[in-house]
Amino acid sequence: MMKKIILFHALLSVVLLLGACSGKREISDLALVMAVGLDKGEKEGTVKVTAQVARPADARGQTGAPSGQSGEPVWTVETEGSSIFEAIRQMSSMSSRRVFWAHNFIIVINEEVAKEGIGDVIDFFTRNPELRMRTWVTVTPEKANEVISTVTSLEVIPGEALAKLFRYTTISNQAPRTVIMDLLSAYLSESTEPLLARVAFETSKIDNKAPDKGAQTKQVVLAGAGIFKGDKLVGTLKPEELRGLVLFREKLDSGVAVVSCPDDPNTPLSVELTNQSFNVKPKYKDGDISYDASFKAHIRVVEAGCSLDLSNKKHVKKLEDNVEKELTSQIKTTVDKIQKDYGADVLELGKVFQNEYPYEWKHYANSWDEVFPTVKINLKVSAKVESGSLLYKPTTSGKKEKKEE
Amino acid sequence: MVANNTPQRDFTYSLTYNSSIIKELLGGSADFIERKVTFLEKKDVHAACFYIDGLVNTQIIEKIVQSLMFEGNEVIIRNDLDTRDIERLLEEHVLMNTNFIETTELESAIKSILSGDTVLLVEGCNKAFQVPTKGWAQRGVSEPQAEQVVRGPRDGFTESIRVNTALVRRRIRDTGFRLEELNAGKRTKTDINIAYINGIVKKGLVDEVKERLNRIDIDGILESGYIEELIRDAPLSPFTTIMSTERPDKVASSLLEGRVAIFVDNTPFVLVVPTYFWEFLQASDDYYLGFMAGSFFRIVRYTAFILSLTLTSIYVMLVSFHQEMIPTPLALTIASGREVVPFPVLLEALLMELTFELMREAGLRMPKPVGSAVSIVGSLVIGQAAVQAGIVSPFMVIIVATTGISSFVIPNYSASYSIRLIRFPLLIASGTLGLLGFASMFALIAIHALSIRSFGESYLAPATPFQPQDQKDTIFRMPWWAMKKRPQLADNDTSKIGESQLPQPPKGDEHGESTHTKAEETSERKEPESNAEQQSETKEDSGGTGIKQLKRRKSPKGKGDEK
Amino acid sequence: MKVQITNGMFMALIINMLYAKSIGLTQGIMAREVGGDIWISTIFSSIQGIVIMAIVIFAIKRLPNGDMIDQYGQILGKWIGKGVAALVFLFFLGAYGTIMATFVYHLKDYFLPEAHTILFIVAAFLIGSYAIHFGIEVIARMALIGVFSVMALNILLLAGSISEFDIKELQPTFDSGFFSTLWASRHHDADWAMATMMACMILPLVRDSATWIRSSTSGLIFSGVIIVMWPILEVGVLSPEVAAQYIVSCMQMARSAEIGLFLHRYEMIMIAFFALSILTQIMMTFLCSSIAVQKIIGLKDYRPVIIPVGLVLSAFSYWMIGSHHRAMGIIEKEWVLVSLSIAIGLPGMLFVLGAIFKKKLKKKEEAKTV
């Protein structure tokens, strides 16, 4: 009896062998896609997909036996199709290796494509198990295939460089950090609208071999954000206008504001904002929705073109007032633009209201995009001077004092 | 049983008959010697000594002959002893040897001749005298080759069973320490001694061991490995369930935990049962160095164990099936290394593992002068040149080398073998079915390990079934003053250690009494001014349950008096 | 020799039986009904589970040496007992199907999309039959390993997702209304129904009947705590709408977790731990169904029926998980009905009947011990 049982199990294990290593693919048979760009196709109704594939031997330098090094770290290919998936299938017919999406860093969408709706993009990239949920997504006014092929900054692979641009956005604050996950959750949400970061070109690179010509080559920079309604792009925000936006969604590590000196309105003074805290509270009264937003920050003086004496209380108060005015106006402009011009709730205000007043929200849920432009947002900014970085005394020219003597 | 199944034969009073039956069985060999002696010249009593040259210490035989020929006679003549009872005469007045056995059975005499004793036959006496004269060439007590420690005793077992038991007996001077004798092997009649400490060992364990040993029916036992295979619990399993060791301190500490040791003649490897799996990952150093160092090295060993088991499989699985799990920079590096390699990863891994095993085996079998050359050439060839030639990728070399080194970290040699064996099915399963294969094979191995018992104890205790009090010695080694109880596999006498053994400054005493000094197992008396507590500490490995008995005999000046 | 398992092992078995399916499939199903309140539903469900488990324990305690089927047989006669055994088998058949769905969808969809489903079924069958051949002790010990791996899994996930946690997503609470949240808890009820039915079958094997109630309650509470961490994280990190989109939401969350800049996508480590726990669940379900069939046929030991039972279970699960929609449909609708009616009905009835027929039981018990 025992023998029969063992025999049965042995036969059953043979079934496992029939699986024949299904799903096995060697890593050297894979074309690792680093970045994807989506453009409008030549023909009407087609989409052009550009994929950037890394060539490991060149991207990482030679390890081991000499392999085919041709000096090109990436291989970029573009195809067209009536849908994204079809275009990608086309790609596999011209690729000698299986196109592998799991290491994709960034998706760049051309604004024309975005204006027509990115619902299919969202669906494709979330339905597929290969793709990471933390892939950066951006829109761009330029051609996507150009953007992802431009060698930017210090990295070898352009896609990697683009992705790394987002690493320090909390400091530079030029674009929000948007990944596929955020896009999906905003798209599916009842009230919040999707928001995508935006990249553009800027001619800022100086060629090492021809420095006299100045900045010649285009580099990709973070350039604000794109605002969507549903899945269509309705507007963009410039980087300067982002402060008001990002505060509502993320936590900022630091920010910069440039104001004028307390005693000399023509000289600029730069401060760094640290320890920022931002709070928004909804208020509902007699059918009127309003929000109280308060923003607190500490100021650190980082560049003073005038003589700023931090022990002078009047100076300090003036400085704080200047900063507060500047910040208020910045945030207000942004919020107004979003509310009035675009009418898309990318500030998550609907969710905030829903959390406080869930019962009342039910009345507004269906008509939020009409109600949103009418809500009032009261902003209160308070800034406190923390320190003057390393310096204690104001930086003034010693010679001036001598003259006065 | 005599080799050729002769029926029971006894000696008679006739010397010629006795000699003839002995010579009949043993006569043909060139090293079988008969020494004829005349005893009691007056009465012309003849005697004969039989021995095997090479096994005996001839000086003792000369003593026998001397006592028969000269001194015995003198004693008899001087004291005018009754010469009729030859047997009593020899016993009480003539033979000067320290101990001897008298027997009337032929088998016993033959066996003792073959074991190195001398058999003395005297005319008129129907008993043969078996005088122990063992004196063959043997290796002296030296450092064990396979298990070395940085700190700890460096004496190791040798091939003589009595020397081995003495090495352990020296360490445990307790009346409960018992040695029982057995015999195994039809033609080798190898001596086997079972050692245990009566009062600590669980009831029934010794009987079980004896029963299994008595069941052995084989023609020759040459090494304790034979016995291991014949009495182990899970004969078809790759896991070893019996520990074999060359170190007397390890055996002594196991005995103190309630285990049974099996000494086998002609081999320095002593078996200890029952065993836990985690014992194989513990080394003697852990217990002699401080508890922090010991715990740290033990954790290193556990990590090495996991690495050696799973690293290659995980690498193969990741690179063949789940490339999305590799961080991107690493993925590019691996891909660039694999660009030129013609083999799939699984094949490459198997190839490298095979080569590693070849190198290891070659290093072992090489004659010493050539050995070092092979190791250098081997590592250079395999490492550098193969990579340059594009046969393997550099990553694979690192992985296999790390795995190999990790498997050497495991102190017990046979355990590291079993782990290496298990590695291969795991590797093949994860290389063919990816994560499903890895998880399934791992689960199968785990189930298999969970179902094994070693002489009644679960193999994976004290991890599962979880025994909380035994956890003090599994992953970390708790300091001696914290391990209060013996492992649960011991029976009585569960409390090992006295009260409040943690070293503390004295509470208002001028003597340094509260300093508890812990001596090593070959305990000397520590500085005379402190309370000399004699620790008969012989802990080597405690499988899983580190409860050791610290016997403390307080000196008269000690703290005990103050209380 | 009667095999015994300790209280700790029993707790570990409960935790393992609950964990695998609850964190993944169930949360997605509940999210489709109540959105962000799935963690409240989970808590409700755990409380209900503790109550039912208490009923089971009190019922079984009356006849401590026989499991539920034996007791039914004692009270109502042999053929009713066999009928009950058939119902139990039906329950575990469905349970096996749902567990296999979890197993296959976790591994196949996210890791081995090209492998054929039959491979997973065969692998599970082989491991299951190998393990239950050795008996419940080995499975209980595996359960202990399963508990450690479950905790490791939770810690890994926390480490990777806590930075993206947004408490705003969890509010407002009770958005869908109190009653619909309570009604949605029936999905999670189907999960601990597996644990209570398992308890019905193996409680007699747990030593020391005095501590049954304590160990099972602590097991349920402990698993409740570690399970509820998942809906909270899923809602906070993914947002309830996204969680509702996916079939296996827990995998989606695991995929989004990343530690630092280096280790993105470490869900494979988590899945390796998860696989140990779900394999324990598979083994246990296999064992209970074998015991049920053994009781139907009236054999002394369940080992001869392992292969036929395994084949039936495998065939059913293969059919069920062939199509994603069929599987989810069954899990969301039919399975909830079947499992809850059996899991609440049988012990409940036993409890009542046992009280009525107490004398009959006592007589039989004395007759046995005499």
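Residues numbered from 1 in each chain as written. Chains lettered and ligands numbered in written order. Predicted model: local features only at pLDDT ≥ 70, side-chain atom pairs only at ≥ 80, totals over all residues.

## Observations regarding the overall build of chain A
And step 1. Counting its secondary structure elements, chain A contains 15 helices and 13 strands.
And step 2. Computed over the C-alpha atoms, the radius of gyration of chain A is 27 Å, more than 25% above the 22 Å expected from 2.2 N^0.38 for a compact globule of 405 residues.
And step 3. With respect to the three principal axes, the spread of C-alpha positions in chain A is 105 × 65 × 60 Å.
And step 4. Here chain A holds 405 residues, and the buried ones make up 39% of them.
And step 5. Within chain A, residue pairs in contact and separated by at least 24 positions form 69% of the contacts whose partners lie at least 6 positions apart. (Helix = DSSP H or I, 4+ residues; strand = E, 2+ residues; numbered from the N terminus. Rg over C-alpha atoms; globule rule 2.2 N^0.38 Å. Buried ≥ 20, exposed ≤ 12 C-beta atoms within 10 Å, placed from the backbone. Contact = placed C-beta atoms within 7 Å.)

## Describing the interface of chain C and chain B
And step 1. With 29 residues of chain C at the contact, the number on the chain B side is 20 residues.
And step 2. The set of elements that each furnish at least two residues to the side of chain C that touches chain B consists of α5 (117–134), α6 (136–161), β2 (263–264) and α11 (267–297) of chain C.
And step 3. Considering each element in turn, the side of chain C that touches chain B owes the most residues, seven residues, to α5 of chain C.

## Some points on the sheet that holds strand β7 (residues 190–197) of chain B
Residue and element names in this part refer to chain B.
And step 1. An order of β6-β7-β9-β10-β8 is seen for the five strands of this open sheet, with the pairing classed as antiparallel. In this open sheet, the two edge strands, each paired with only one partner strand, are β6 (177–184) and β8 (243–245). Between one strand axis and the next, the sheet turns by 25° as a mean value, whatever way the strands run.
And step 2. Note that strand β9 (residues 260–264) and strand β10 (residues 270–273) share three bridges and pair antiparallel. Across the sheet, the residue bridging to I262 is L271, located in β10.
And step 3. The sheet strands contacting helix α8 (residues 248–256) are β7, β8, β9 and β10, and the helix crosses β7 at an angle near 50°. (Pairing = 2+ DSSP bridges. Axes fitted to C-alpha atoms, helices over the stretch in contact; angles between N-to-C directions.)

## Describing helix α12 (residues 306–321) of chain C
All names here are of chain C.
And step 1. If you check α12, its first and last C-alpha atoms are 22 Å apart, about what 16 residues at 1.5 Å a residue would give, namely 22 Å.
And step 2. Looking only at α12, the buried set comprises I306, V309, G310, L313, S314, S317, M320 and I321. Projected onto a plane normal to the axis of α12, the buried residues spread over an arc of 130° and lie on a single side. Looking at α12, the residues exposed on the side facing more than 90 degrees away from the buried face are P308, A315 and W319. (Expected span 1.5 Å × (residues − 1). Arc of directions from axis to C-beta.)

## A word on the interface of chain A and chain B
And step 1. Facing the 23 residues of chain A at the interface are 27 residues of chain B.
And step 2. Per element, the largest residue contribution to the side of chain A that touches chain B is three residues, and it comes from helix α2 (residues 56–59) of chain A.
And step 3. Classifying every residue of the side of chain A that touches chain B by side-chain character gives 12 nonpolar, seven polar and four charged. (Nonpolar A, V, L, I, M, F, W, Y, C, P; charged D, E, K, R; others polar.)

## As for the sheet that holds strand β5 (residues 128–131) of chain B
All names here are of chain B.
And step 1. Strand order across the open sheet formed by five strands is β1-β2-β4-β5-β3, with antiparallel pairing between neighbours. At either margin of the open sheet sits one strand with a lone partner, and together these are β1 (32–39) and β3 (101–103). Direction aside, the axes of adjacent strands within the sheet are offset by 25° on average.
And step 2. Sheet topology note: the β3/β5 ladder contains three bridges and is antiparallel.

## Description of the packing of helix α3 (residues 68–76) of chain C against helix α13 (residues 324–356) of chain C
Residues and elements named next belong to chain C.
And step 1. Where α3 meets α13, the closest approach of the two axes is 11 Å, and the angle between their N-to-C directions is 45°. As far as their axial angle goes, α13 and α3 are oblique. Note that α3 runs across α13; the crossing there is left-handed. For the pair formed by α3 and α13, the contact residues are M68, Q71, Y72 and I75 on the first element and L346, P347, L350, L353 and G354 on the second. (Parallel < 35°, antiparallel > 145°, perpendicular 65-115°, else oblique. Left-handed = near helix turned anticlockwise from the far one by under 90°.)

## Some remarks on the nonpolar core
And step 1. Ranked by internal contacts, the top residues of the largest apolar core, which has 300 residues, are L435 of chain B together with I139 and M198 of chain C.
And step 2. For M198 of chain C, the contacting residues outside a window of four places in its chain are L13, M17, M284 and C288 of chain C.
And step 3. Judged by nonpolar contacts, the second largest core, of 34 residues, contains A195, L255, L256 and V264 of chain B. (Core = buried A, V, L, I, M, F, W, Y, C linked by C-beta atoms within 7 Å.)

## Structural notes on the confidence of the model for chain B
Residues and elements named next belong to chain B.
And step 1. Looking at chain B, pLDDT values average 78 and 84% of them are 70 or higher.
And step 2. Highest mean pLDDT in chain B belongs to β9 (93); lowest belongs to helix α16 (residues 559–562) (38).
And step 3. Taken as a whole, residues 510–563 scores under 50 in pLDDT and shows 134 contacts with residues more than four places along the chain or in a different chain.
And step 4. Interface scoring of the predicted complex returns ipTM 0.87; its pTM is 0.83. (pLDDT = per-residue confidence, 0-100.)

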